[in-house]
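Secondary and tertiary structure notes
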2 protein chains.
Amino acid sequence: MSFETAPTKTIEVNGTSFAYREAGEKSGVPVIFLHHLTAVLDDWDPRVVDGFAAKHHVIAFDNRGVGASGGATPATVEEMARDAVAFIRALGLSKVDLLGFSLGGFVAQAIVQEQPDLVRKLIIAGSGPAGGEGISNMGAVLQDALAKAGAAGKHPKNFLFFSQTGNGQAAANAFLARLNERKNDRDAAISNATIGAQLTAIHAWGQAEPSKLSAIHHPVLVVNGDDDVMAPTINSFELARLLPNAQLSIFPDAGHGGIFQYHDVFVQQALDFLR
Amino acid sequence: MSFETAPTKTIEVNGTSFAYREAGEKSGVPVIFLHHLTAVLDDWDPRVVDGFAAKHHVIAFDNRGVGASGGATPATVEEMARDAVAFIRALGLSKVDLLGFSLGGFVAQAIVQEQPDLVRKLIIAGSGPAGGEGISNMGAVLQDALAKAGAAGKHPKNFLFFSQTGNGQAAANAFLARLNERKNDRDAAISNATIGAQLTAIHAWGQAEPSKLSAIHHPVLVVNGDDDVMAPTINSFELARLLPNAQLSIFPDAGHGGIFQYHDVFVQQALDFLR
């Protein structure tokens, strides 16, 4: 079943209903997709989900307070990680791979530090370590992009996720079109309260003391575009430098959404990495 | 035909005999392998050559003065590049991909700057830009490793190409064993005069003004281990940053010989990149 037609399911997690969708055969270690700031289930590139799903059981979900999930979004990455772990456990899973994109990459780090045995391998895209350079500016960058997008009649992701070159903007428009492929059973919109809590959590992560990444011995694939304006690319270098078992992949003429721009290459790398 | 049993051939290049070996089917754009300091044909990892040869026509050669090739090795990267171009043209080729490892990565940059139309795509491994940090120390690092290797009864590449961890040294020994798989028709040894000329060329490259990498619009895959003591890994970041169309890949717990340690992953990345 493709992600486009995957039904939105719900599961009770500590008394709160969490929304999720699945793709791929239910065998082997599932890959849990951890979403970005402002994202709901419809913000995952169907090419990336279906690319992973060719070989893996993929589960994307709305964390507490996001999209169709109930409850109020907490204002720290660590609480988001605890909610994600509770969701994973509620599904009856005891070993997962994680793909964390942007805020989801912070959550992935917090999950593996809190529950190392729950995780087999991690992919961290468009993200960075606690205290990483420029990360606490993400709210200001978002605000600036919202203003620019309004003035230009474009989507904020044209500015936030892709380089401003011809190639970058063509990739942005192709990505945005893919996000609209799903016509039925679309997710609920994100609330302003949730965005506010996420921005608070991101700001705190950007201001936090560096965490002990040297203690994470899991295999990690760190990936980004070479010109990320939201989580500056230097943070991907830093993650790869500080994590003892990290492989780094950086795409040219690409931004925060490099894994979507280079979805073919990224999926191939990820499938090789997850083997 | 596998690289292990590929016959050593010769071709006249401007009156000098150049030695080379081929693998893979003779169709499509060939991949020319550009060798490292001290290397002869037997120093290429057969897994990497055969991995490329599954999809591409691969040609490895001894540049002027190296191994079984005649003539005297020149003392500049630019002259080495002109010799390499003359060899490629002598084979009747007008479009090639390049894999340049270490010194070969410098030569690859000089080739594409001199003859941009000759080259389709480049892979630059364990290398760096002109004037790159620490590159002019390569001679001193080599000397130090020769002393350590002599004292420890090990191969210098144990120190030069791999990290000093258990994993790194196991990979070093496996790599060295692979280099000994070929029993017949092995190449001539490198001469001290050639090593001297190569070190002079490397030192000059390390001291040179930065070249205009922004003018190279070819697709480039830059790859290295995360702890390269010969061409420090920061130089791979710099190459990827300065080249407009470069993809970067960095392997964990690996050194200068990261592409040999991770030959499976590297070959898959390279085949995807060369598609």
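Overview of the structure. (Residues numbered from 1 in each chain as written. Chains lettered and ligands numbered in written order. Predicted model: local features only at pLDDT ≥ 70, side-chain atom pairs only at ≥ 80, totals over all residues. Heavy atoms only, no water.)

1. Considering the nonpolar core
In terms of nonpolar packing, the biggest core is built from 187 residues, with Phe52 of chain A together with Phe52 of chain B touching the most fellow members. With residues near it in sequence (within four places) discarded, phenylalanine 52 of chain A still touches Val31, Phe33, Val58, Leu99, Ile123, Phe266, Val267, Ala270, Leu271 and Leu274 of chain A. (Core = buried A, V, L, I, M, F, W, Y, C linked by side-chain atoms within 4.5 Å. Buried < 20%, exposed > 50% of the residue type's maximum accessible area, 1.4 Å probe, protein only. Contact = heavy atoms within 4.5 Å.)

2. What to know about helix 1 (residues 46-53) of chain B
Residue and element names in this part refer to chain B. With six of eight residues buried, helix 1 is to be regarded as a mostly interior element. Along helix 1, the residues that are buried comprise Pro46, Val48, Val49, Gly51, Phe52 and Ala53. Sitting at the head of helix 1, aspartate 45 places a side-chain oxygen 2.9 Å from the backbone nitrogen of arginine 47. (Helix = DSSP H or I, 4+ residues; strand = E, 2+ residues; numbered from the N terminus. Polar contact = N/O pair within 3.5 Å; in protein donor to acceptor, adjacent residues only side chain to side chain.)

3. A closer look at the pairing of strand 6 (residues 119-125) of chain B
All names here are of chain B. With six of seven residues buried, strand 6 is to be regarded as a mostly interior element. Direction of pairing for strand 5 (residues 96-101) relative to strand 6: parallel, over a ladder of five bridges. Residue pairing in the sheet places phenylalanine 101 in a bridge with alanine 125 of strand 6. Of the crossover connections in this fold, the one passing from strand 5 over helix 3 (residues 103-114) to the parallel strand 6 is right-handed. Summarising the sheet, strand 6 and strand 7 (residues 220-225) pair through four bridges and their orientation is parallel. Its bridge partner being in strand 7, leucine 122 is matched across the sheet by valine 220. (Pairing = 2+ DSSP bridges. Right-handed = clockwise from strand over helix to strand, strands pointing away.)

4. Description of the relation of the copies chain A and chain B
Rotating chain A by 180 degrees and moving it 0.0 Å along the rotation axis overlays it on chain B with an RMSD of 0.0 Å. In short, the pair behaves as if placed about a two-fold rotation axis. Among all C-alpha atoms of chain A, that of serine 249 of chain A lies closest to the rotation axis, at 2.3 Å. Comparing interface residues between copies, 100% of those in chain A also sit at the interface in chain B, which points to an isologous, same-surface contact. (Least-squares fit on C-alpha atoms with pLDDT ≥ 70 in both.)

5. Some thoughts on the packing of helix 3 (residues 103-114) of chain A against helix 7 (residues 192-207) of chain A
Two numbers describe a pair of packed helices, the interaxial angle and the distance between the axes. Residues and elements named next belong to chain A. At a minimum axis distance of 11 Å, the contact between helix 3 and helix 7 shows a crossing angle of 65 degrees. Crossing geometry of helix 3 relative to helix 7 is assigned as left-handed. Judged by residue contacts, Leu103, Phe106 and Gln109 of helix 3 engage Gln198, Ile202 and Trp205 from helix 7. A per-class count over the contact of helix 3 with helix 7 returns four nonpolar, two polar and no charged. (Axes fitted to C-alpha atoms, helices over the stretch in contact; angles between N-to-C directions. Left-handed = near helix turned anticlockwise from the far one by under 90°. Nonpolar A, V, L, I, M, F, W, Y, C, P; charged D, E, K, R; others polar.)

6. Brief notes about the side chain of threonine 16 of chain A
The topology assignment puts threonine 16 of chain A in strand 2 (residues 16-23). Overall, threonine 16 of chain A belongs to the buried group, its relative accessible area being 12%.

7. Section: the pairing of strand 2 of chain A
Residues and elements named next belong to chain A. For strand 2, the buried fraction is high: seven of the eight residues fall into the buried class. Strand direction decides the pairing type here: strand 1 (residues 9-13) and strand 2, joined by five bridges, are antiparallel. If you follow valine 13 over to strand 2, its bridge partner there is threonine 16. The hairpin turn running from strand 1 into strand 2, its antiparallel successor, is two residues long, and asparagine 14 in that turn takes a positive phi close to 50 degrees. As paired strands, strand 2 and strand 4 (residues 58-61) are joined by four bridges and run antiparallel to one another. Residue glutamate 22 lies in a different strand from strand 4, and its bridge partner there is isoleucine 59.

8. Considerations on the environment of aspartate 43 of chain A
Residues and elements named next belong to chain A. Looking at where aspartate 43 falls in the secondary structure, it is placed in the loop between strand 3 (31-34) and helix 1 (46-53). Residues aspartate 43 and glutamine 164 lie 121 residues apart in sequence; the distance between their C-alpha atoms is 21 Å. When near neighbours in sequence (up to four residues on either side) are disregarded, aspartate 43 contacts His36, Thr38, Lys157, Phe175 and Leu179.

9. Thoughts on helix 2 (residues 77-90) of chain A
Residues and elements named next belong to chain A. Taking 1.5 Å of rise per residue, 14 residues should cover 20 Å, and helix 2 covers 20 Å from first to last C-alpha, within 8% of that figure. Val77, Met80, Ala81, Asp83, Ala84, Val85, Ala86, Phe87 and Ile88 are the residues of helix 2 that are buried. Two residues or fewer past helix 2, glycine 92 is found with a positive phi of approximately 85 degrees. (Expected span 1.5 Å × (residues − 1).)

10. Examining the interface of chain A and chain B
Listed by partner, the interface residues are 15 residues for chain A and 15 residues for chain B. Between chain A and chain B, roughly 1,300 Å² of surface is buried when both sides are summed, and carbon and sulfur atoms account for 49% of that area. Here chain A and chain B share zero salt bridges between them. Applying the counting rule to chain A against chain B returns two residue pairs in polar contact (both at pLDDT 80 or more). Elements that contribute at least two residues to the side of chain A that touches chain B include exactly strand 8 (246-251) and helix 10 (263-274) of chain A. (Buried area = accessible area lost by both parts, 1.4 Å probe. Salt bridge = Lys/Arg side-chain N within 4 Å of Asp/Glu carboxyl O.)

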